[in-house]
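# Structural overview
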There are 2 protein chains.
Amino acid sequence: MVEAPRNTRQRRAVVAILDDLDGFASAQEIHDILKQRGESVGLSTVYRSLQVLAEAAEVDALRNADGEVLYRQCSAGHHHHLVCRACGRTVEVEGPTVERWADRIAEENGFRDVAHTLEIFGTCDRCTSNRDLP
Amino acid sequence: MVEAPRNTRQRRAVVAILDDLDGFASAQEIHDILKQRGESVGLSTVYRSLQVLAEAAEVDALRNADGEVLYRQCSAGHHHHLVCRACGRTVEVEGPTVERWADRIAEENGFRDVAHTLEIFGTCDRCTSNRDLP
DNA sequence: ACTCCGGTTGAGAATCATTGTCATGAGGAA
DNA sequence: TTCCTCATGACAATGATTCTCAACCGGAGT
Ligand SMILES: [Zn+2]
Ligand SMILES: [Zn+2]
Ligand SMILES: [Zn+2]
Ligand SMILES: [Zn+2]
């Protein structure tokens, strides 16, 4: 059987940040927040922790327009995201018809092992009003 | 006004490759193909050409699971893609309901400047049958 | 509490797609 | 043809992510 991961200070710290954060954030942002809070964790470890959590489906991961990977602790089950480009604030959304549509399209064209990516990006109301402040 | 881009051998060569290719390909793959055909073009130039073409919406761009950017000469108009992970073969697909759904979701949540990404990845029938050859 | 083992950490190096630099080259208008 | 520019390309630089590996520490057993 598989070994359970050890309960280390670093892993707990990363999970705690994800708990607190509302939106998606990059590994480096999480690393910075940890430094600010004085619970410093090595950058490599942050990356590793997020990888493991993502593989275990404990967190969701997506790429922003710049190709950076962002992470977020989401609710369970398949869903997609409406993400603010500026602050990362996120709304989880479901599109039952899209799921079926994607699978049907793939099926009709003889594709196997199908997966799909679907994200909506925009600027949230908060960031829209804060646009031109000193 | 904007200057028209110059009609150089290199730009023509890149466009010619995109014309011939059926599926999505990375800048480096296109660079390799050019080298094979003896119409060598600098890697920087390949990247620049593809960038310009993408900004002008002459080609579509997307990221594969590894985060690499792939390019393809598509038909005009907004559409999405069913892409083979193995060979890049691509089927253009349209999802009118998805478009409306995405915009409505964003609107309902007060998001502006909305864009969305939607791609379907799988293994095409050809690559499925070629799986275990010597 | 003490020991020991194997998973975990982290500073730094390595990877690698992509972008920047800048001297040289070549469109194309006159 | 001349000449002004933009375009090119060899090479360096960037930057997110991954790798390395010696030191570290969680936790099971005693
Ligand atoms: Zn999610
Ligand atoms: Zn925002
Ligand atoms: Zn397309
Ligand atoms: Zn669309």
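Since the structure is predicted, the reported quantities are computational estimates derived from the model, not experimental observations.

## Things to note about the relation of the copies chain A and chain B
Least-squares fitting of chain A to chain B yields an RMSD of 0.1 Å, with the transformation described by 0.0 Å of translation along the axis and a rotation of 180 degrees. The transformation just described matches what one would write down for a two-fold rotation axis. When C-alpha positions in chain A are compared against the rotation axis, the closest is assigned to Leu118 of chain A, at 2.2 Å. Most of the interface of chain A is mirrored in chain B, where 100% of its interface residues again form contacts.

## Points about unusual backbone geometry
Glycine aside, the phi torsion of most residues is negative, and most peptide linkages are trans. The backbone of Asp113 of chain A sits at a positive phi, close to 50 degrees, despite the residue not being glycine. If you trace the backbone, Asp113 of chain A turns up in strand 6 (residues 112-123). Overall, the relative accessible area of 51% leaves Asp113 of chain A in the exposed class. Positive phi is not limited to glycine here, since Ala57 of chain B has a value of about 65 degrees. By the element assignment, Ala57 of chain B lies in the loop between helix 3 (43-55) and strand 2 (60-63).

## Considerations on the protein's contact with DNA strand C
In the neighbourhood of DNA strand C, 20 residues make up the surrounding shell, with Arg6, Thr8, Thr45 and Arg48 of chain A together with Tyr47 of chain B lying closest. The sugar-phosphate backbone supplies 59% of the atoms of DNA strand C found within 4 Å of the protein. Within the backbone of Asn7 of chain B, a nitrogen or oxygen atom sits 3.3 Å from a phosphate oxygen of DNA strand C. A distance of 2.7 Å separates a phosphate oxygen of DNA strand C from a polar atom in the side chain of Tyr47 of chain B. Only helix 1 (9-20) and helix 3 (43-55) of chain A together with helix 3 of chain B provide two or more residues apiece to the surface near DNA strand C. Broken down by element, the residue count for the surface near DNA strand C peaks at four residues, all from helix 3 of chain B.

Conventions we followed
Residues numbered from 1 in each chain as written. Chains lettered and ligands numbered in written order. Predicted model: local features only at pLDDT ≥ 70, side-chain atom pairs only at ≥ 80, totals over all residues. Heavy atoms only, no water. Least-squares fit on C-alpha atoms with pLDDT ≥ 70 in both. Contact = heavy atoms within 4.5 Å. Helix = DSSP H or I, 4+ residues; strand = E, 2+ residues; numbered from the N terminus. Buried < 20%, exposed > 50% of the residue type's maximum accessible area, 1.4 Å probe, protein only. Near = heavy atom within 4 Å. Polar contact = N/O pair within 3.5 Å; in protein donor to acceptor, adjacent residues only side chain to side chain.

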